Amino acid sequence: PLSPQELRSGCFWRGVLVELAATLIFVGVVLGASAAPGPLAPALAGGLVAGGLVCTLRGPQANPALTLALLCTRKLSALRGAAGVLAQCTGATLASAAARAALPDDTGLVTRVSTVGTAGMALAWETFATFQLALAAFASAEHTAPQAGLALGSAVTAGALAAVRTPHVPPTRGVPTPPAPDPPCVPQGPFSGGSMNPARSLGPALVTGVWDDHWVSWGHPGTPPESPGNG
């Protein structure tokens, strides 16, 4: 239930600060890794930093999709959920602004719907990928930090790698055609960029002004079945 008295609690504001800092760190690491060629670096970076945050900061969501999942399963008050999402989006925006200033170009910052699919396909993929991430978070909530961190980090990496591939040009007239060169740092997936995190998509969209099919990133609550604990 909504409780304005929570605003007077030091624990409430520490939680909000943790969400801001954790999302800033997560998005900053992922965007920084996107400067490397190929899909492996950002996927591994996302998994490693997610696992590290679980072990060091006692399991922040750092992801509006996970926060909304907690709200839907009544494991989080409306006030804490709203403050958490706002903090996460703020952290992601700060990280995106820093990444855009530091990186040579902003091509890899924004998650986009793949040219080989449609927005509907992208939404379906994001829903599935975010569901498996939320399920891992809920299922590992009562485990120790190293186990929970490994589970959540693996889910982040698996979802990202499944969504990212190198585009190629099919052979014509029986003559093999070499793969087309990738634009630098552009995530290309079967359907989507594999964000699984609305804040990670919102931050770069705000700082670059690129909003193409951005609604896909917010169209997947990723709510797992009722489960004990906190993601």
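Everything numeric here is computed off the predicted structure, so don't read it as measured data.

Peer 1: Help me out: how do you make sense of the overall build of the protein chain in this one?
Peer 2: Looking only at helices and strands, one finds seven helices and zero strands in the protein chain. Each helix and strand of the protein chain, placed in order from N terminus to C terminus, yields the pattern α-α-α-α-α-α-α. Within the span of the protein chain, comprising 231 residues, buried residues form 46% of the whole. Sequence separation of at least 24 residues holds for 79% of the intrachain contacts in the protein chain that already meet a minimum separation of 6. Carbon and sulfur atoms provide 68% of the accessible area of the protein chain, an area that totals close to 11100 Å².

Peer 1: Which parts of the structure should I look at to understand the side chain of Thr157?
Peer 2: Inspection of the secondary structure assignment puts Thr157 in helix H6 (residues 145-163). Within the local environment of Thr157, its side chain forms a polar contact with the backbone oxygen of Ala43, the two atoms lying 3.1 Å apart. Setting aside anything within four residues of it in sequence, one finds Thr157 in contact with Ala43, Leu44 and Gly47.

Peer 1: Would you mind going over the nonpolar core with me for this structure?
Peer 2: Buried together is how nonpolar side chains tend to be arranged in soluble globular proteins. Counting residues in hydrophobic clusters, the biggest one holds 30 residues, and the most contacted among them are Phe26, Val27 and Leu133. Going through the elements one at a time, helix H1 (10-33), helix H2 (40-57), helix H4 (78-102), helix H5 (119-139) and H6 are the ones with two or more residues in this core. In terms of residues, this core owes the most to one element, H5, which gives six residues. The residues contacting Val27, other than those within four sequence positions of it, are Ala92, Ala95, Ser96 and Arg200. Core analysis: the second largest hydrophobic core is formed by five residues, Phe12, Val16, Leu79 and Ala83 among them.

Peer 1: Any chance you could explain H1 here in plain terms?
Peer 2: Quick reminder: α-helices carry 3.6 residues per turn. Residues three or four places apart thus point the same way. With 24 residues, H1 ought to run about 34 Å at 1.5 Å a step, and its terminal C-alpha atoms sit 34 Å apart, in line with that. Burial in H1 covers these residues: Phe12, Val16, Glu19, Ala22, Thr23, Phe26, Val27, Val30, Leu31 and Ala33.

Peer 1: What is the right way to look at the UniProt feature "transmembrane region" (unreviewed entry) in the protein chain in this model?
Peer 2: UniProt records the feature "transmembrane region" (unreviewed entry) for residues 12-33 in the present numbering. Counted over residues 12-33, helix gives 100% and strand 0%. Its end C-alpha atoms are 32 Å apart.

Peer 1: Where do I start with the environment of Ala134 in this structure?
Peer 2: Turning to its location among the elements, Ala134 is positioned in helix H5. Residue classification places Ala134 among the buried residues on the basis of a relative accessible area of 0%. A sequence separation of 65 residues divides Ala134 from Ala69, and the C-alpha atoms of the two residues are 7.4 Å apart.

Peer 1: Would you mind going over the environment of Leu31 with me for this structure?
Peer 2: Relative to the helices and strands, Leu31 is located in helix H1. Look past the residues within four positions of Leu31 in its chain and what remains in contact with it is Ala95, Ser96, Ala99, Leu103, Leu109, Arg200 and Pro204.

Peer 1: Which parts of the structure should I look at to understand unusual backbone geometry?
Peer 2: Of note, Ala62 is a non-glycine position whose phi angle comes to about 50°, a positive value. Along the chain, Ala62 turns up in the loop between H2 and helix H3 (64-72). If you check the backbone angles, Arg74 has positive phi at about 60° while not being a glycine. Checked against the element boundaries, Arg74 lands in the loop between H3 and H4.

Peer 1: Teacher, can you tell me more about the packing of H3 against H4 here?
Peer 2: The description of two packed helices rests on the angle between their axes and on the distance between the axes. Close contact between H3 and H4 brings their axes to 9 Å; oriented N to C, the two are set at 175°. Relative to H4, H3 is oriented roughly antiparallel. Packed against H3, whose contacting residues are Pro64, Thr67 and Leu71, the element H4 presents Ala78, Gly81, Val85 and Gln88 at the interface. Tallied by class, the residues present in the contact of H3 with H4 amount to four nonpolar, three polar and no charged.

Peer 1: Even after reading the chapter, I still don't get the packing of H1 against helix H7 (residues 198-208), so can you show me in this structure?
Peer 2: H7 packs onto H1 with a crossing angle of 70° between their chain directions and a minimal axis gap of 10 Å. Taken together, the axes of H1 and H7 lie roughly perpendicular to each other. The two elements H1 and H7 cross, and the hand of that crossing is right-handed. Contacts from Thr23, Val27, Val30 and Leu31 in H1 reach Ala199, Arg200 and Pro204 in H7. Tallied by class, residues from the contact of H1 with H7 come to five nonpolar, one polar and one charged.

Definitions and limits used
Residues numbered from 1 in each chain as written. Predicted model: local features only at pLDDT ≥ 70, side-chain atom pairs only at ≥ 80, totals over all residues. Heavy atoms only, no water. Helix = DSSP H or I, 4+ residues; strand = E, 2+ residues; numbered from the N terminus. Buried < 20%, exposed > 50% of the residue type's maximum accessible area, 1.4 Å probe, protein only. Contact = heavy atoms within 4.5 Å. Areas by Shrake-Rupley, 256 points an atom, 1.4 Å probe, with all protein chains shown as cover. Polar contact = N/O pair within 3.5 Å; in protein donor to acceptor, adjacent residues only side chain to side chain. Core = buried A, V, L, I, M, F, W, Y, C linked by side-chain atoms within 4.5 Å. Expected span 1.5 Å × (residues − 1). UniProt positions renumbered as here; feature names shortened; annotations may be inferred. Axes fitted to C-alpha atoms, helices over the stretch in contact; angles between N-to-C directions. Parallel < 35°, antiparallel > 145°, perpendicular 65-115°, else oblique. Nonpolar A, V, L, I, M, F, W, Y, C, P; charged D, E, K, R; others polar. Left-handed = near helix turned anticlockwise from the far one by under 90°.

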